[in-house]
Structures are given as structure tokens and as C-alpha cells.
Amino acid sequence: MRMEQMMYPLQEVWIRLEEGRVLYSGERMTSPEQAVDVMQREMSRYDREVVCIVNLNNAKQPINFNIVSVGTLGVSIVDVANVLKSSILSNAGAFIMLHNHPGGDPTPSGADLEVTKRLILAGNLMEIPCVDHIIIAGGRKEIYSMREHNDLEFTPEFDQVMKGAADMVAEQGAAYQTPFGDIDPAALAVAMADTGREKKEEVTLKFGKGLCQFFTSKKGTELARIRIPDTPFESWPSFVVPAKFVHENRYGKGYWMKLPADGKTELSISRRVTLEDGSEGWQEKRIPVDNKQLKDMVEAYKKEAPAVSSPEGPDERPKERGR
């Protein structure tokens, strides 16, 4: 007796967008800001934390919005796969994430920042970048834009994305938790090597918050000045980097940054001098320092005794700290 051949099914599924409710604006929505205004009026009335995605086309014009999740009074639920699902189905060129704080304070929490880091990473890997994460205050017209406050880098280059992944490995320990599962640091290093891009050695500088001052230049550039204590100079040297180079550590008690290991950074050093009128004043001098030496100088204050020397050699004059 001949047995009939068994046939095993593989079911086809259809994935599509379903139209929902419509929110209206008094003017044509051609910019992200106009879509945010509409969502702000809607979400400021919610009594629970709600996460919303506004999808944009390649011209940064709003396409649609999607309520991703509804949480509790103080907690929102963010699943990266759900966040990106509507963006993928909408053929979006970018997206904005919004969520509300019913309590009225739009200041982002540490969890808000960590979630946004993952969304930026995932969006760049999917080539659907996250343009901004905006927090809406409950019952008020106030909003908080992470992009405008320069909390995070929303437009990283490919190398920066990979560096960000590597940095999170260092911060989180043995495993790097991504939206796509845990990645072993060794596996990540291999993946980075396989990109075909040259990897440059870097040094990581760690320092206390009291040593860093953020400011805006006359040209509107956001910068950070880092001072170096316990050095053989009359005053504390300092150096300036773009503010986006400086990151808060996982416990919020200090900062860290990365610099090319084979590069140099210009130190600004003030010295006491005798002026033409015979009085004493200060003169600023700039000295290029190897970044590896700069790391030793920045972190020397953590040790029991300073172990660094002046880039110009020993200075025998009496020292006075600070100005």
C-alpha cells in the first residue's frame, strides 16, 4: 500500500497599517514642530504615561502618528520593536518619539535617556533615524526637547554608533543590552572589525562633575571646559571640547569622554607674570599635549599622589592652586 506524501503548510501572513482616529490642525502640517504642537495639545490631557511616535517622510514632513503603549501614572512602556513597527510600515524616513509626564514636570529621567539611546542606535541601524524625543508636561503647555537641550547625539555617524555600542559595553560590564538582545563584548569587537573600517585606538578620560563646565561660544557652539587639578602649575590647566563629547556615567556621579590615542589636545595654562607697569598679572599660554598624557593628568587626582609632570618639564616656583 502506497502512503500519500505528507504536506506541511507554511502560512502566508499579511502585515499592513490600519487607519485610526484623526487629529486636526488649523494649518497644514509641513514640519515636525507643527505635528508636535498637535500632539502636545492631545497628550497633555492624559492621566497616564503614553508613548507616541510621529512618523516623518524624507522631507521631515509628518505622515502619521502611532500610540505605541499606555503605561501608568509614573511609568511608560517602551518596546523598541513596537516603536519602529509603524515607521517601517509607513516607509518613514525618520521619526519623533513623544511621551508625557502627567505629574507636570517634563524633565527626563535616567530611564528616559537610556531608552532614547537605544532608540537612536536602533533607528540608525534601520536607517530610520530618531529626530528627537520630546516630553510633554501634563496639564501644562511646557515641553522638553532632548535634542534642543543637547542631552544626546541624535545624528551620529556610523563610527559614532559603533563607538556608542562599545562605550555601553564598557559601562554595563560583561554584556551589552541592545534592543535585539544581549551582545557579548568579544562578539561586538569581531563585528566591528568586520565592518572594513579602520578602528583607531582611543583613550577614555573619567573625571568628576565639578571639573566640567558647559558653555555656549559666541558662535552658538555648545562646548565643555574641563579643568585639571593637582598639576605642577600655578593654576589649574583646562581644555575645551565639544559638549557632545562629554557623557554622564551610569551612576550620574561623574563624566567620561573618549579621545584619539594618537592625537593631541591643547591645554590652556595661566602663569603669573610681571606686567609693564610693575604689577603682577596672569598670562595664558597654550600647550599641545598627547592625549595619553592628558588622560594621566586628568585622572591623577584620583591617586594618593600626583604621578604626572608638566608637559614643559618641572616648574620650581612656589605653587598656588586656583585663581
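For the structure itself, consult the block above.
Each value, and the rule that gives it
Residues numbered from 1 in each chain as written. Predicted model: local features only at pLDDT ≥ 70, side-chain atom pairs only at ≥ 80, totals over all residues. Heavy atoms only, no water. Helix = DSSP H or I, 4+ residues; strand = E, 2+ residues; numbered from the N terminus. Buried < 20%, exposed > 50% of the residue type's maximum accessible area, 1.4 Å probe, protein only. Contact = heavy atoms within 4.5 Å. Pairing = 2+ DSSP bridges. Axes fitted to C-alpha atoms, helices over the stretch in contact; angles between N-to-C directions. Phe/Tyr/Trp six-rings, centres within 6.5 Å; stacked < 30°, edge-to-face > 60°. Polar contact = N/O pair within 3.5 Å; in protein donor to acceptor, adjacent residues only side chain to side chain. Core = buried A, V, L, I, M, F, W, Y, C linked by side-chain atoms within 4.5 Å.

(A) Representation of the overall build of the protein chain. Tallying secondary structure elements over the protein chain gives six helices and 15 strands in all. Counting the 323 residues in the protein chain, one finds 38% classified as buried. Partitioning the intrachain contacts of the protein chain with sequence separation of at least 6 by distance along the chain shows that 60% fall at a separation of at least 24.

(B) Seen up close, the sheet that holds strand β8 (residues 202-208). Pairing is antiparallel in the open sheet, where three strands are placed in the order β8-β13-β12. Bordering the open sheet on either side are β8 and β12 (247-248), each of which pairs with just one other strand. Across seven bridges, β8 lies against strand β13 (residues 254-260) in antiparallel orientation. In the strand pairing of β13, Glu202 is matched with Pro260. Contacts from helix α6 (residues 291-299) reach β8 and β13 within the one sheet, and its direction differs from that of β8 by about 20°.

(C) Spatial organisation of the environment of Asn58. Mapped onto the elements of the fold, Asn58 is located in the loop between β1 (50-56) and β2 (62-70). On the basis of relative accessible area, Asn58 is assigned to the exposed category, the value being 69%. In this structure, the C-alpha to C-alpha distance between Asn58 and Gly93, residues 35 residues apart in sequence, is 4.5 Å.

(D) Region of interest: the packing of aromatic side chains. In the structure shown here, the tally under the stated rule is two aromatic pairs. Ring centres of Phe207 and Tyr255 lie 6.2 Å apart, and the angle between their planes is 55°; on these two criteria the pair is classed as tilted. Placement of the pair is Phe207 in strand β8 and Tyr255 in strand β13, with a sequence separation of 48 residues. Plain terms: the ring middles of Phe214 and Tyr255 are 5.6 Å apart, the flat faces sit at 90° to each other, and that makes the pair edge-to-face.

(E) Representation of the side chain of Thr116 within the structure. If you trace the backbone, Thr116 turns up in helix α3 (residues 110-125). The exposure class assigned to Thr116 is buried, which follows from its relative accessible area of 0%. Within the local environment of Thr116, its side chain forms a polar contact with the side chain of His133, the two groups lying 2.7 Å apart. Once you skip the residues sitting within four places of it in the chain, Thr116 turns out to touch His133, Met146, Leu152 and Phe154.

(F) Quick peek at unusual backbone geometry. If you check the backbone angles, Lys60 has positive phi at about 65° while not being a glycine. Of note, Lys60 is situated in the loop between β1 and β2. The class of Lys60 is partly exposed, set by a relative accessible area of 35%. In this structure, Asn150 takes a positive phi of about 60° despite not being glycine. As for its position among the elements, Asn150 is in the loop between β5 (143-145) and α4 (158-172).

(G) A look at the nonpolar core. Formed by 22 residues in total, the largest nonpolar core has its most connected members in Leu205, Phe207, Ile226, Phe239 and Leu294. Of all the secondary-structure elements, those providing two or more residues to this core are β8, β10 (222-227), β11 (238-242), β13, β14 (264-274), β15 (280-290) and α6. Formed by 20 residues, the second largest nonpolar core is a distinct cluster that contains Met97, Ala122, Cys130 and Leu152.

Read these as spatial facts, not as claims about activity.
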